[in-house]
Amino acid sequence: MIIGIIPARYGSTRYPGKPLIDIQGKTMIQRVYEQATKAKCLSEVIVATDDLRILEHVESFGGKAVMTHPDHPSGTDRCWEAYQLAVAGLQFESSESTQNPIPQTPNRYIINIQGDEPFVAPEQIDELGAVLDGKVELASQMIPVSDAELLFDLGEAKVIVNEQMEAIYFSRQVIPFLKGYPQDEWHQHHTYYRQVGMYAYRADILEKITKLPVSPLERAESLEQLRWLQYGYKIKMALTTYESHCIDTPEDVEKILKMIF
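Rules and cut-offs
- Residues numbered from 1 in each chain as written.
- Predicted model: local features only at pLDDT ≥ 70, side-chain atom pairs only at ≥ 80, totals over all residues.
- Heavy atoms only, no water.
- Helix = DSSP H or I, 4+ residues; strand = E, 2+ residues; numbered from the N terminus.
- Rg over C-alpha atoms; globule rule 2.2 N^0.38 Å.
- Buried < 20%, exposed > 50% of the residue type's maximum accessible area, 1.4 Å probe, protein only.
- Phe/Tyr/Trp six-rings, centres within 6.5 Å; stacked < 30°, edge-to-face > 60°.
- Lys NZ or Arg CZ within 6 Å of the ring centre and 35° of its normal.
- 1 Å grid on protein atoms, 1.4 Å probe; cavity = no way out; pocket = protein on both sides within 12 Å on 5 of 7 lines; lining within 4 Å.
- Points joined across faces, edges and corners; volume = space filled by probe spheres on them.
- Nonpolar A, V, L, I, M, F, W, Y, C, P; charged D, E, K, R; others polar.
- Core = buried A, V, L, I, M, F, W, Y, C linked by side-chain atoms within 4.5 Å.
- Contact = heavy atoms within 4.5 Å.
- Arc of directions from axis to C-beta.
- Salt bridge = Lys/Arg side-chain N within 4 Å of Asp/Glu carboxyl O.
- Pairing = 2+ DSSP bridges.

Caption draft 1: Fine view of the overall build of the protein chain. Each helix and strand in the protein chain was counted, giving 10 helices and 11 strands. Relative to the 2.2 N^0.38 estimate, which gives 18 Å for 261 residues, the radius of gyration of the protein chain is 18 Å and therefore close to what a compact globule would have. If one aligns the C-alpha atoms of the protein chain with their principal axes, the spans along those axes are about 55 × 40 × 35 Å. Taking all 261 residues of the protein chain together, the buried fraction comes to 51%.

Structural data, given as structure tokens:
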């Protein structure tokens, strides 16, 4: 069983209210929801929001949504509360409500689908779902880097993996360092990967990682996934050919429409 959860906050420093912006006749959150429901691997799709306007809008087009606490530090934490509310039937009482026992099964997973990717491909969700075999604790996706400028973009998380396609480390810097070649040619002599797409969590692991304190590596790189690695959890990486197209500012809407259409 795989549940798709779409975290959707109303507040945003750069683009307040962006889940409800209009994109060619539909709101962004409706487009994300509709794309997610086309994924074959998902048993259910739920929007996890902190705002009544988003909740009512999702319900108005026939979608499922739950109200979550406004102060979650990350989408991962919001997914955990949404999972409790929607699947385990718990109601939010306080920030300590995760102490309640949650029924778990080895094959129950949650895929965190970004609420600001209105044209996410259902096939990309299915690619991630395909690696969730009950043994996998956490999973994400990666794509080869074929451009030197993108390789050295500090806004992009690069990843290296072991022979089992499990993440060894994520960094904003280029990893590994390639000795003996000019930096603008590194991508021509080694296959580099950057992280894209979504996270998947086995339900019992999701509960555990939301209780972990911030780790030194996470603090250094400002990458949440490093906390999980540093505390000993394994992250399976699935190859994808799909790019992530996020909307962070009003200008991004036109850029993405030009790329998609």
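Caption draft 2: Representation of the packing of aromatic side chains in the model. Enumeration over the complete set of coordinates arrives at seven aromatic pairs. A ring pair is formed by Y33 and F61, whose centres lie 5.6 Å apart and whose planes are at 65 degrees; its orientation type is edge-to-face. Highlighted residues: Y33 in helix α1 (residues 28–37) and F61 in the loop between α2 (52–60) and β5 (65–67), separated in sequence by 28 residues. In this structure an aromatic cluster arises from ring pairing among F152, F177 and W186. A cation over a ring is seen here: R53 above Y10, with NZ or CZ 3.8 Å from the ring centre.

Caption draft 3: Structural context of the layout of surface pockets. When its volume is computed, the largest pocket comes out at roughly 1,500 Å³. Elements with a minimum of two residues in the lining of the largest pocket: β1 (2–8), α3 (75–88) and β10 (193–202). The dominant element in the lining of the largest pocket, judged by the number of residues it contributes, is β10, at six residues. Looking at side-chain class alone, the lining of the largest pocket contains 12 nonpolar, 17 polar and 13 charged residues.

Caption draft 4: Representation of the nonpolar core in the model. Counting residues in each nonpolar core, the largest one holds 34 residues, and the members touching the most others are I6, L42, V47, I111, I113 and I125. Mapped by element, the contributors of at least two residues to this core are β1, α1, β4 (44–49), α2, β6 (109–112), α4 (122–129), β10 and α10 (250–260). Residue contributions to this core peak at five residues, all from α1. Ignoring any residue separated from it by four or fewer positions in sequence, one finds L42 in contact with I2, I3, G4, A36, I111, I113 and I125. Membership of the second largest hydrophobic core comes to 31 residues, among which are A48, L206, L226 and L229.

Caption draft 5: Representation of α10. Of all the residues in α10, the buried ones are D252, V253, I256 and L257. Viewed end-on, α10 has its buried residues packed into an arc of 135 degrees, placing them on one side of the element. Residues of α10 that are exposed and angled more than 90 degrees away from the buried face: E251, K255, K258 and M259.

Caption draft 6: Highlighting the pattern of salt bridges. For the structure shown, the criterion picks out 10 salt bridges. The salt bridge involving D248 is made with K18; its shortest N-O contact spans 3.5 Å. Here K18 lies in the loop between β1 and β2 (22–23) and D248 lies in the loop between β11 (235–239) and α10, a separation of 230 residues in the sequence. Residue class for D248 comes out partly exposed when judged on its relative accessible area of 24%. You can call K18 buried: its relative accessible area is 12%. Between D51 and R53 there is a salt bridge, and its shortest N-O distance comes to 2.9 Å. Judged by its relative accessible area of 46%, R53 is partly exposed. In the salt-bridge network here, residues are joined through shared partners; they are K18, D116 and D248.

Caption draft 7: Seen up close, the environment of V145. Summarising the element assignment, V145 is placed in the loop between β7 (138–144) and α5 (148–151). Measuring from C-alpha to C-alpha, the distance between V145 and R194 comes to 6.5 Å, with 49 residues separating the pair along the chain. Residues contacting V145, with those up to four places away along its chain left out, are L150, L151, H187, Y192, Y193 and R194.

Caption draft 8: Up close: the pairing of β7. Burial analysis of β7 places six of its seven residues in the buried class, the great majority of the element. The pairing of β7 with β10 spans six bridges and is antiparallel. When the sheet's bridge partners are listed, Q141 is paired in β10 with V196. In the sheet, β7 pairs with β11 via five bridges, with the strands oriented parallel. Within β11, the position partnered with S140 by the bridge is M237.

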